[in-house]
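# Structural description and commentary
Take a look at the letters that make up each chain.
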Amino acid sequence: MIAERVSFGYSEDLPVLHDVSLTLHPASLTILSGRNGSGKSTLLRLLSGLLSPSDGTIRLNGRDIHALPPPERARSVGVAFQFAEDQLTERTVAREIALGLRALGIPEFDRRTSESLSAFGMSDFADRHPYDLEPAQRKLLTIACALSSPAQWILLDEPFAGLSRAEINWALVTLRAAKQDGRSIMLVAHDPTIVMSEADRLVVIHEGKIALDRTKLEGFSYEHITATTAMPMPASLRLRMMREKELKAGG
Amino acid sequence: MDGNCAVRHLTVRYNGQETPALDRLSFTLGPTDRCAVVGPAGAGKTSLLHAMSGILSGQPYVDLQGSITLNGEEVLRGISGSAFPLVALLPQDPAVVFSDLAPDVESEMRLTLRQAELPQEQWEERLERTVRACGIGGFSRRHPRSLSGGETQLAALAILLVAGSPVICLDEPCSSLDQERQVELSRLLSATLHDRAIIITETTLTLPVLTCRSIMVLDKGRAIFQGTREQFWEQLSEFAEVVDLGGWAETRDAIGLLSADDFDRLVEGLL
């Protein structure tokens, strides 16, 4: 998946991305980070073909994503939005997972659906209405929907927001398996440290441009991110540094 | 001494389920108290805020036991539908706050002012003050649905706060806020909303949680800890299984063991 010199704005006086180029490789997990309003979700929507760039192109296996017929695009790219309520439409959890598979004419969609349910620990909820689930379970359901599709490219917008550490670990097991299957995952996280140990690459957007694109992440910390981009440091770290400074000043 | 809000033996049970979502929870909240409720998904945090804001009262799918009194009024039986503007609730999905009837965030705020039946001559001054306090000046004239996740959270907060409710319930307000905006929210809580009763829930430990001097840990509908922030810091490691401590576990020895006043002073420096 290649984004080539992509620019986009929701209106003329509201530019969001400027001249962004990015290549996603198979069998990898990429974190897309940046401050609120930096354009993370917009880039994700562009890559999925839901938005069209005002300039530049998005190519999927060599073809312009907008030239692909919608079923082919849906077969190639799986998306989970930031707010689960933006995408859940079915009466039961099982139907929600089966929806995309059935629409794409995937054989054995029943078997695939039960496999997905079990991978996410949701077999007991199969017949429940998605809106009767806890918000965190609803969020996991959207990840399950994206991963149950045959898509090679998986784009997840803040998949871990509102999830506990245990649930994040659960989701990471399935993402790791997807990566081993050769799929490429890009996830948006305003706090990249949550998944840094699992990731192959970190991309940070600032003011509509790529401010950092790095693959060597071992030992790479928030201090490094702050030093190279305008990403603010976590409050816990800043307070600790302030306290250390106070102690030093006090003798 | 009773505060603005008193919750007594509150039990919430949905659709006749055997396990209650909340099990005999009791606490009081004074008119300027700020309390954080932390715990994993399914702990009962949202049920507590929904019960306090009156939206569970009289609903056929839920059985409510115990009582919640707000300024002497019983919420569970006395108020039907919603306790707004007495209580303002920022829901977990903040976009629910948008009516979709207004072309921009400021117009949404005017709808709130109308709903809260505030005299029209106060509208503009309140609106300006709230826009400034919430730091949404950069996008308050934009369509609510055109905002990013973090901007949506702050816009929804401004739409609620403009009514001037004395009790404010924030359900996981930090889930879409980056570090800088979490600091801004903490500043808003300490500077502008210091005269309100605030209850804030999170699954993860965040700065706004730690600006609260009173903390409760919920798990499976029960309060497994209720105490001061100092007591919470002392027992921090015990909560690691139910609360995501983020980067705060490593910070405990450096700042968590400060006195309440010293801690607040340090945080003040950050805000």
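Residues numbered from 1 in each chain as written. Chains lettered and ligands numbered in written order. Predicted model: local features only at pLDDT ≥ 70, side-chain atom pairs only at ≥ 80, totals over all residues. Heavy atoms only, no water.

## Digging into the overall build of chain B
Looking only at helices and strands, chain B features 10 helices and 10 strands. In terms of overall size, chain B behaves like a compact globule, its C-alpha atoms giving a radius of gyration of 18 Å where 271 residues would be expected to give roughly 18 Å. Along the first, second and third principal axes, the C-alpha atoms of chain B reach 50 × 45 × 35 Å. Counting over 271 residues, chain B shows a buried share of 59%. (Helix = DSSP H or I, 4+ residues; strand = E, 2+ residues; numbered from the N terminus. Rg over C-alpha atoms; globule rule 2.2 N^0.38 Å. Buried < 20%, exposed > 50% of the residue type's maximum accessible area, 1.4 Å probe, protein only.)

## What to know about the sheet that holds strand E6 (residues 87-90) of chain B
All names here are of chain B. Strand order in the open sheet formed by 6 strands is E6-E7-E8-E3-E9-E10, and the pairing between neighbours is mixed. Only two strands of the sheet have a single partner each, and these edge strands are E6 and strand E10 (222-228). Across the sheet, the mean angle from the axis of one strand to that of its neighbour is 15°, orientation sign disregarded. Pairing geometry for strand E3 (residues 34-38) and strand E8 (residues 197-202), over 5 bridges, is parallel. In the strand pairing of E8, Cys 35 is matched with Ile 199. (Pairing = 2+ DSSP bridges. Axes fitted to C-alpha atoms, helices over the stretch in contact; angles between N-to-C directions.)

## Points about the confidence of the model for chain A
Here chain A averages 91 in pLDDT, while 100% of its residues score no lower than 70. When pLDDT is averaged over each element of chain A, strand E8 (residues 184-188) of chain A comes out on top at 97 and helix H7 (residues 222-228) of chain A at the bottom at 81. (pLDDT = per-residue confidence, 0-100.)

## Thoughts on the interface of chain B and chain A
With 36 residues of chain B in contact, the opposing surface of chain A contributes 29 residues. Counting the contacts that link chain B with chain A gives 2 salt bridges. Only helix H5 (149-161), helix H6 (179-192), helix H9 (252-256) and helix H10 (260-270) of chain B provide two or more residues apiece to the side of chain B that touches chain A. Taken together, the residues of the side of chain B that touches chain A sort by class into 13 nonpolar, 13 polar and 10 charged. (Contact = heavy atoms within 4.5 Å. Salt bridge = Lys/Arg side-chain N within 4 Å of Asp/Glu carboxyl O. Nonpolar A, V, L, I, M, F, W, Y, C, P; charged D, E, K, R; others polar.)

## Things to note about the sheet that holds strand E4 (residues 55-60) of chain A
Residue and element names in this part refer to chain A. Strand order in the open sheet made by the 4 strands is E2-E1-E4-E5, with antiparallel pairing throughout. Pairing within the sheet leaves two strands with one partner each, and these edge strands are strand E2 (14-23) and strand E5 (63-64). Of the pairings in the sheet, the one linking E4 to E5 comprises 2 bridges and is antiparallel in character. What sits directly across from Arg 59, in E5, is Asp 64.

## Here we look at the packing of aromatic side chains
Scanning the model with the defined rule gives 7 aromatic pairs over all chains in all. Members of the aromatic cluster, joined through ring pairs, are Phe225(B), Phe232(B) and Phe239(B). (Phe/Tyr/Trp six-rings, centres within 6.5 Å; stacked < 30°, edge-to-face > 60°.)

## Structural notes on the pattern of salt bridges
Applying the stated criterion across every chain, the model contains 30 salt bridges over all chains. Put simply, Arg213(B) and Asp264(B) hold a salt bridge, and the shortest N to O gap is 2.6 Å. Here Arg213(B) is found in the loop between helix H7 (207-210) and strand E9 (214-219), whereas its partner Asp264(B) is found in helix H10, with 51 residues between them in sequence. Between Asp253(B) and Arg252(B) there is a salt bridge; the shortest N-O distance is 3.0 Å. Salt bridges sharing common partners tie together Arg243(A), Glu246(A), Asp262(B) and Arg265(B).

## Some points on unusual backbone geometry
Most of the time, phi is negative for any residue but glycine, and the peptide bond is trans. Residue and element names in this part refer to chain B. Residues Phe 84 and Pro 85 are joined by a peptide bond in cis, for which omega reads 5°. You will see that His 9, though not glycine, has its phi angle at about 45°, which is positive. A relative accessible area of 51% means that His 9 is categorised as exposed. Phi is positive for Asn 71, close to 50°, though the residue is something other than glycine. Along the polypeptide, Asn 71 turns up in the loop between strand E4 (62-70) and strand E5 (73-74).

## As for the nonpolar core
Residue and element names in this part refer to chain B. Residues Met 109, Ile 136, Phe 232 and Trp 248 are the most contacted members of the largest nonpolar core, which totals 65 residues. Considering every element that reaches this core, the biggest residue donor is H5, with 8 residues. Residues contacting Met 109, with those up to four places away along its chain left out, are Leu 127, Thr 130, Val 131, Ile 136, Ala 158, Ile 159 and Val 162. (Core = buried A, V, L, I, M, F, W, Y, C linked by side-chain atoms within 4.5 Å.)

## Observations regarding the pairing of strand E10 (residues 209-214) of chain A
In the case of a regular strand, side chains alternate between the two sheet surfaces. Across 5 bridges, the pairing between strand E9 (residues 201-206) of chain A and E10(A) is antiparallel. Directly across from Val204(A), in E10(A), lies its bridge partner Leu212(A).

## Some points on helix H5 (residues 135-148) of chain A
Over its 14 residues, H5(A) extends 20 Å from the first C-alpha to the last, a length consistent with the 20 Å expected when each residue adds 1.5 Å. For H5(A), the buried fraction is high: 13 of the 14 residues fall into the buried class. (Expected span 1.5 Å × (residues − 1).)

## Focus: H6(B)
All names here are of chain B. For H6, with 14 residues, the first-to-last C-alpha span of 20 Å sits near the 20 Å given by 1.5 Å per residue. Turning to H6, its buried residues are Gln 179, Arg 181, Gln 182, Val 183, Leu 185, Ser 186, Leu 188 and Leu 189. For H6, the N-terminal capping position is held by Asp 178, with its side-chain oxygen 3.2 Å away from the main-chain nitrogen of Glu 180. (Polar contact = N/O pair within 3.5 Å; in protein donor to acceptor, adjacent residues only side chain to side chain.)

## What about the environment of Pro103(B)?
Residues and elements named next belong to chain B. Along the chain, Pro 103 turns up in the loop between E6 and helix H3 (105-115). Looking at Pro 103, the relative accessible area reads 55%, which means it is exposed. Measuring from C-alpha to C-alpha, the distance between Pro 103 and Leu 157 comes to 17 Å, with 54 residues separating the pair along the chain. Not counting residues up to four positions away in its chain, the partners in contact with Pro 103 are Arg 142, His 143 and Pro 144.

## Examining the side chain of Ser76(A)
All names here are of chain A. Residue placement: Ser 76 occurs in helix H2 (residues 70-76). Its relative accessible area of 15% is what places Ser 76 among the buried residues. Setting aside chain neighbours within four positions, we find Ser 76 in contact with Leu 60, Ala 151, Gln 152 and Trp 153.

## As for the environment of Glu106(B)
Residue and element names in this part refer to chain B. One can find Glu 106 in helix H3. On the basis of relative accessible area, Glu 106 is assigned to the buried category, the value being 8%. Linking Glu 106 and Gly 72, residues 34 residues apart in sequence, is a C-alpha distance of 33 Å. Discounting residues that sit within four places of it in the chain, Glu 106 has contacts with Leu 127, Val 131, Ser 140 and Arg 141.

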